[in-house]
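Read off the chains here:
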Amino acid sequence: MKLVLLTALGVGAATVIGALIGFVFKKMSHRFSDIVLSFAAGVMLAAAVLGLIIPSLEYGGRYGLIMTIAGIFAGALCLNLLDKLVPHLHKLVGTETEAHNNASLSKVLLFVTAIAIHNFPEGIAAGVGFGSGDTSQALMIAGGIALQNIPEGMVIIAPMLAAGVTPKRTFLCAMLTGLVEVIGTLLGFFAVSLASAILPFALSFAGGTMLYVISDEMIPETHAHGSQRGATYALLVGFCLMLASDVLLG
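Residues numbered from 1 in each chain as written. Predicted model: local features only at pLDDT ≥ 70, side-chain atom pairs only at ≥ 80, totals over all residues. Heavy atoms only, no water.

Topic: the overall build of the chain
A count of helical and extended segments in the chain gives 10 helices and zero strands. Going residue by residue from the N terminus, the α and β elements of the chain occur as α-α-α-α-α-α-α-α-α-α. Split into buried and exposed, the 250 residues of the chain put 47% on the buried side. Contacts spanning at least 24 positions in sequence make up 87% of the contacts within the chain whose residues lie at least 6 apart. Roughly 11,800 Å² of accessible area belongs to the chain as shown, and the carbon and sulfur atoms make up 72% of that amount. (Helix = DSSP H or I, 4+ residues; strand = E, 2+ residues; numbered from the N terminus. Buried < 20%, exposed > 50% of the residue type's maximum accessible area, 1.4 Å probe, protein only. Contact = heavy atoms within 4.5 Å. Areas by Shrake-Rupley, 256 points an atom, 1.4 Å probe, with all protein chains shown as cover.)

Describing the packing of aromatic side chains
As enumerated under the stated definition, the model contains three aromatic pairs in all. Centroid distance Phe201 to Phe205: 6.2 Å. Interplanar angle 35°. Geometry classified as tilted. With Phe201 and Phe205 both in helix α9 (residues 199-222), this residue pair falls four residues apart, about one helical turn. Residue Phe201 is classed as partly exposed on the basis of its relative accessible area, which comes to 33%. (Phe/Tyr/Trp six-rings, centres within 6.5 Å; stacked < 30°, edge-to-face > 60°.)

Some thoughts on the nonpolar core
Note that soluble globular proteins tend to have their nonpolar side chains buried in a common cluster. Leu52, Ala125, Val128, Ile141, Ile145, Met210 and Met218 are the most contacted members of the largest nonpolar core, which totals 29 residues. Elements with a contribution of two residues or more to this core: α1 (2-24), α2 (30-59), α3 (64-85), α5 (105-131), α6 (135-155) and α9. The greatest single-element share of this core, amounting to nine residues, is contributed by α9. Excluding anything up to four places from it in sequence, Met210 contacts Met44, Ala47, Ala48, Leu52, Ala125, Ile141 and Ile145. Among the nonpolar cores identified, the runner-up in size contains five residues, and Ala46, Leu50, Met140 and Met242 belong to it. (Core = buried A, V, L, I, M, F, W, Y, C linked by side-chain atoms within 4.5 Å.)

Side note on the environment of Asp83
Locating Asp83 in the fold gives a position in helix α3. Distance from Asp83 to Asp216, taken between C-alpha atoms, is 10.0 Å for residues 133 residues apart in sequence.

Quick notes on a nonpolar patch on the surface
Where nonpolar side chains cluster on the molecular surface, the patch consists of Met1, Leu5, Leu6, Leu9, Phe190 and Leu194 and spans about 630 Å² of accessible area. Those elements that place two or more of their residues in the nonpolar patch are α1 and α8 (167-194). The element best represented in the nonpolar patch is α1, accounting for three residues. Locating Leu9 in the fold gives a position in helix α1. Leu9 gets classed as partly exposed once you look at its relative accessible area, which sits at 45%. (Patch = residues over 30% accessible without salt bridge, like charges linked within 9 Å, V, L, I, M, F, W, Y side chains within 5 Å. Salt bridge = Lys/Arg side-chain N within 4 Å of Asp/Glu carboxyl O.)

So, α8
The first and last C-alpha atoms of α8 sit 41 Å apart over 28 residues, in line with the 40 Å expected at 1.5 Å per residue. Regarding α8, the residues found buried are Thr170, Cys173, Ala174, Thr177, Gly178, Glu181, Val182, Gly184, Thr185, Gly188, Phe189 and Val192. (Expected span 1.5 Å × (residues − 1).)

Side note on the packing of α3 against α9
At a minimum axis separation of 6 Å, α3 and α9 run at an interaxial angle of 50°. Considering the angle they form, α3 stands oblique to α9. When you trace α3 past α9, the crossing you get is right-handed. Residue-level inspection shows Met67, Thr68, Ala70, Gly71, Ile72, Ala74, Gly75, Ala76, Cys78, Leu79, Asn80 and Asp83 of α3 in contact with α9, the latter providing Pro200, Phe201, Ser204, Phe205, Gly208, Thr209, Leu211, Tyr212, Val213, Asp216 and Glu217. In the contact of α3 with α9, the residues fall into 13 nonpolar, seven polar and three charged. (Axes fitted to C-alpha atoms, helices over the stretch in contact; angles between N-to-C directions. Parallel < 35°, antiparallel > 145°, perpendicular 65-115°, else oblique. Left-handed = near helix turned anticlockwise from the far one by under 90°. Nonpolar A, V, L, I, M, F, W, Y, C, P; charged D, E, K, R; others polar.)

Comments concerning the side chain of Thr15
Tracing the chain through its elements places Thr15 in helix α1. Classification of Thr15 as buried rests on a relative accessible area of 1%.

Here you go:
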């Protein structure tokens with residue numbers, strides 16, 4: 001339990017670390033941001049497949065394939081629904097970046113809420129990984145999510161400052177979005193621990209949410225500014241790095 005709590009705090013703290021970097025480098029180049037985010041996407045892709053989806057097949061027994069496929073689509077549909085209820089994260093980033101200092105507080109709150117809601121399923125994925133009992137795989141999943149949180153934390157600073165939010169409140173909002181991920185991690189862990197029968201479905205559900213985030217959020221964003229070739233190789237490097245870690249440390 002202590003390791004789960006420390007990992008949950010680490011996953012949430014990654015957003016805060018990214019926010020601190022965002023304060024220092026308010027004007028990062030798109031190319032640098034895209035490369036970092038693509039590398040994180042590769043890490044998350046490997047974590048989703050190796051740490052969640054394959055174990056779901058193994059734990060599912062006779063109906064493992066059916067439960068895994070159902071879980072993947074359920075996770076993707078869940079985030080698809082969230083995207084319909086809450087404006088798309090990257091559309092909000094673009095809108096807020098161009099905002100003037102007299103931007104309404106409600107718009108800023110909507111921006112922060114969107115980030116928090118998108119972070120929650122990622123936290124659940126990290127917690128479900130620990131619920132499987134495979135600590136090394138769980139740490140790989142949490143590491144991939146944490147790595148993705150750093151560039152995400154970096155890109156939310158400038159839009160909020162542009163909207164007229166004070167640096168102190170901007171940093172507090174970044175901390176709150178990280179806290180949501182901590183809560184999600186603990187919730188995912190306890191849910192699977194209390195009901196081991198749902199483990200195969202929960203693992204693939206978490207994997208489906210991660211695949212959706214990679215395909216719908218991360219890859220389109222990294223291919224939108226002319227750096228798609230470098231972004232593609234960065235994704236492959238991230239994926240292979242996690243693949244090698246899984247083989248060598250497994």
